[in-house]
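# Structure at a glance
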Amino acid sequence: MIPGTNLSTDTGFTYLALGDSYTIGQSVPESDRYPVQAAKLLRESGVAMADPVIVARTGWTTDELNTGIQEAGITGSTYDVVTLLIGVNDQYRGRPVDAYKPGFTMLLQQAIAFAGGHSDRVVVLSIPDWSKVPFAEGRDRDGISAEIDEYNNANRKIAKKMKVHYIDITPGTLKAASDPSLVASDGLHYSGKEMAFWAHKLADTLKGILH
């Protein structure tokens, strides 16, 4: 047991996942959500991991996630590990990256607080590049990709400054252009197959944290 947590020996290590449609797993079964897959992988490898607590909703921007956290009533709770993946809807709504940075920074500060003040128990995942999915047809795909890169450069730098773990899942999402099986039925979000790649990377990182 890591000191200063609400770890229950009955359920295992506790995990809070913060995000938007990618975290809640829009258009895929609950079992395919990447936090759920990661927790299962950890259990299969012998790490006692409870089912994740997920605070996420399709369409949420940074400010909406902040509101969602408050409404979820988890303020003051402490978790063994916390993940954060947020920003695609800020980009989709045309917000400049400079407007994203303060909101992302605040959310990351909250994530660290939820991890008992331990930045080394927090993981940021990069924003997927949705320019390659069918939904982007007829849009400025190169422009979308460039903006996603800008956002990820920003969240990567903030994550490094705040000394949290960072997982770059973006390169893999580019393969959606040539592999339809990586895309969910709605043509916008990602399938459980793609999320499995994220889950394996995340499980490896969490295993290192929890050991």
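Below or above, wherever it landed, is the structure these notes cover.

What counts and what doesn't
Per-chain numbering applies: the sequence of each chain, read as written, is numbered from 1 onward. Residues qualify for local features only when their pLDDT is at least 70, as the model is predicted, and side-chain atom pairs are given and counted only at 80 or more; totals for whole chains, interfaces and linings, by contrast, use all residues. To get the side-chain values, take all heavy atoms of the structure and skip hydrogens and water. Pairing between two strands requires that DSSP report at least two bridges joining them. Secondary structure elements follow DSSP: runs of H or I no shorter than four residues count as helices, runs of E no shorter than two count as strands, and numbering proceeds from the N terminus. Throughout, an axis means a line fitted to C-alpha atoms (over the contacting stretch in the case of helices), and angles, computed between N-to-C directions, take values from 0 to 180 degrees. Only heavy atoms enter the contact rule, under which two residues are in contact if any of them lie within 4.5 Å. Side-chain atoms within 4.5 Å are what join buried Ala, Val, Leu, Ile, Met, Phe, Trp, Tyr and Cys residues into a set we call a nonpolar core. With a 1.4 Å probe rolled over the protein chains alone, any residue whose accessible area is under 20% of its type maximum counts as buried; one over 50% counts as exposed, and the rest are partly exposed. Any residue with an atom within 4 Å of a point lines the site, the site being either a cavity, points on a 1 Å grid over the protein atoms alone where a 1.4 Å probe fits but cannot get out, or a pocket, an open set with protein on both sides within 12 Å along at least 5 of 7 lines. Grid points are joined across faces, edges and corners, and a volume is the space filled by probe spheres set on the points. Three categories are distinguished: nonpolar for Ala, Val, Leu, Ile, Met, Phe, Trp, Tyr, Cys and Pro, charged for Asp, Glu, Lys and Arg, and polar for the others, with Gly belonging to the last.

Next up on the list: the sheet that holds strand E2 (residues 53-56). Neighbouring strands of a sheet are bound in pairs by backbone hydrogen bonds; such pairs are parallel or else antiparallel. Pairing is parallel across the open sheet formed by 5 strands, whose spatial order is E2-E1-E3-E4-E5. Because the sheet does not close on itself, it has two edges, and the strands there are E2 and strand E5 (165-167). The mean inter-strand angle of the sheet, taken between neighbouring strand axes irrespective of direction, is 20 degrees. Pairing analysis gives 3 bridges linking strand E4 (residues 122-125) to E5, with the strands arranged parallel. Paired with Leu-125 across the bridge in E5 is Ile-167. Across the face of the sheet, helix H8 (residues 192-210) comes into contact with strand E1 (15-19), strand E3 (81-85), E4 and E5 while running at roughly 165 degrees to E5.

Locating Pro-180 in the fold gives a position in the loop between helix H7 (170-173) and H8. In this structure, the C-alpha to C-alpha distance between Pro-180 and Asp-168, residues 12 residues apart in sequence, is 21 Å.

Below, the discussion takes up the nonpolar core. Counting 64 residues, the largest nonpolar core has Leu-18, Leu-65, Val-82, Leu-108 and Trp-130 as its most contacted members. Elements represented by at least two residues in this core include exactly E1, helix H2 (34-44), helix H3 (62-72), E3, helix H5 (97-114), E4, helix H6 (141-161) and H8. Not counting chain neighbours up to four residues away, the residues in contact with Leu-65 comprise Leu-18, Gly-19, Val-55, Trp-60, Leu-84, Ile-86 and Leu-107.

Leftover empty space is mapped by rolling, across the atoms, a probe with the size of a water molecule. Of the voids in this model, the largest pocket is the one considered here, and its volume is about 150 Å³. Every residue lining the largest pocket is listed: Ser-21, Tyr-22, Thr-58, Gly-59, Val-88, Asn-89, Tyr-92, Trp-130, Phe-135, Leu-188 and His-189. Secondary-structure elements contributing two or more residues to the lining of the largest pocket are helix H1 (21-24) and helix H4 (88-92). Considering every element that reaches the lining of the largest pocket, the biggest residue donor is H4, with 3 residues. Residues that form the lining of the largest pocket fall into these classes: 6 nonpolar, 5 polar and no charged.

Remember that the coordinates give geometry; whether it matters functionally is a separate question.
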